[in-house]
Amino acid sequence: GKDGGGPMRLPRAWWVVASAAASDWHWRDFFRDPAEEGRNWGGRGWIRSPLSWARIREMRRGDIVVAYQAGEGVIGLARLASDGYPEVPGGPYDTFDLAPAPVLLLHEPIPLALIRQLPGARSHFEFLRLHHGTVFRITPEGLEALLRLIRALNPEQAADLDTFLRGYN
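Residues numbered from 1 in each chain as written. Predicted model: local features only at pLDDT ≥ 70, side-chain atom pairs only at ≥ 80, totals over all residues. Heavy atoms only, no water.

1. Concerning the pairing of strand S1 (residues 13–18)
- In terms of burial, S1 is largely enclosed, as 6 of its 6 residues are buried.
- Here S1 shows two buried faces, one formed by Ala13, Trp15 and Val17 and the other by Trp14, Val16 and Ala18.
- Pairing analysis gives 6 bridges linking S1 to strand S3 (residues 64–69), with the strands arranged parallel. Bridge pairing links Trp15 to Val66 in S3.
- Summarising the sheet, S1 and strand S8 (residues 135–138) pair through 4 bridges and their orientation is antiparallel. Following the sheet pairing, Val16 is matched in S8 by Val135. (Buried < 20%, exposed > 50% of the residue type's maximum accessible area, 1.4 Å probe, protein only. Helix = DSSP H or I, 4+ residues; strand = E, 2+ residues; numbered from the N terminus. Pairing = 2+ DSSP bridges.)

2. As for the packing of aromatic side chains
- Within this structure, the stated rule accounts for 8 aromatic pairs.
- Where Trp15 meets Phe125, the ring centres are 5.8 Å apart and the plane angle is 70°; that geometry is what we call edge-to-face. Placement of the pair is Trp15 in strand S1 and Phe125 in the loop between helix H5 (121–124) and S8, with a sequence separation of 110 residues.
- For the ring pair Trp27 and Phe31, a centre distance of 5.9 Å and an interplane angle of 40° mean the geometry is tilted. A residue pair is termed a helical-turn pair when its members lie 3 or 4 positions apart in one helix, as Trp27 and Phe31 do in helix H1 (residues 27–32) at 4 residues. With respect to burial, Trp27 and Phe31 carry one shared label: buried.
- Chaining the aromatic ring pairs together yields one cluster made of Trp15, Tyr68, Phe125, Phe127 and Phe136.
- In this structure, Arg79 is placed above the aromatic ring of Phe164, and the distance from its NZ or CZ to the ring centre is 5.2 Å. (Phe/Tyr/Trp six-rings, centres within 6.5 Å; stacked < 30°, edge-to-face > 60°. Lys NZ or Arg CZ within 6 Å of the ring centre and 35° of its normal.)

Structure follows, in structure tokens:
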């Protein structure tokens, strides 16, 4: 790669939903103790959608996970520690591992209403078109727009965001 002032090439990103209604698990459980919650994450009966299983199989180590908590918004960013994989060979659920670092818990969550207002939001955030599932694609343009929103609402975390984005490749 080339070092210098050029733009950073961002890894792929996945929108991963936690719904308090579906279980008592909350994204904050992961951010409070990433080492504890980062292993074998996903699966557990609440990833029910065939779309989610297909997306999980596309996940790759180092990809960004956008942590969306239903009713609150995007509350943080994490990285995949593994490629997506079948939880049990031949089993009904696929899963993935979250890396305990780097992670970024936002001081100010990004509300869904703001994300919906981004130009072309429906084409960049699969979640806005498909309302069943847990794991959704985000286009590179969508990720860049979301990162701009994160910087705007959490200016004091700009250095932390840059550190997270450098992460590991």
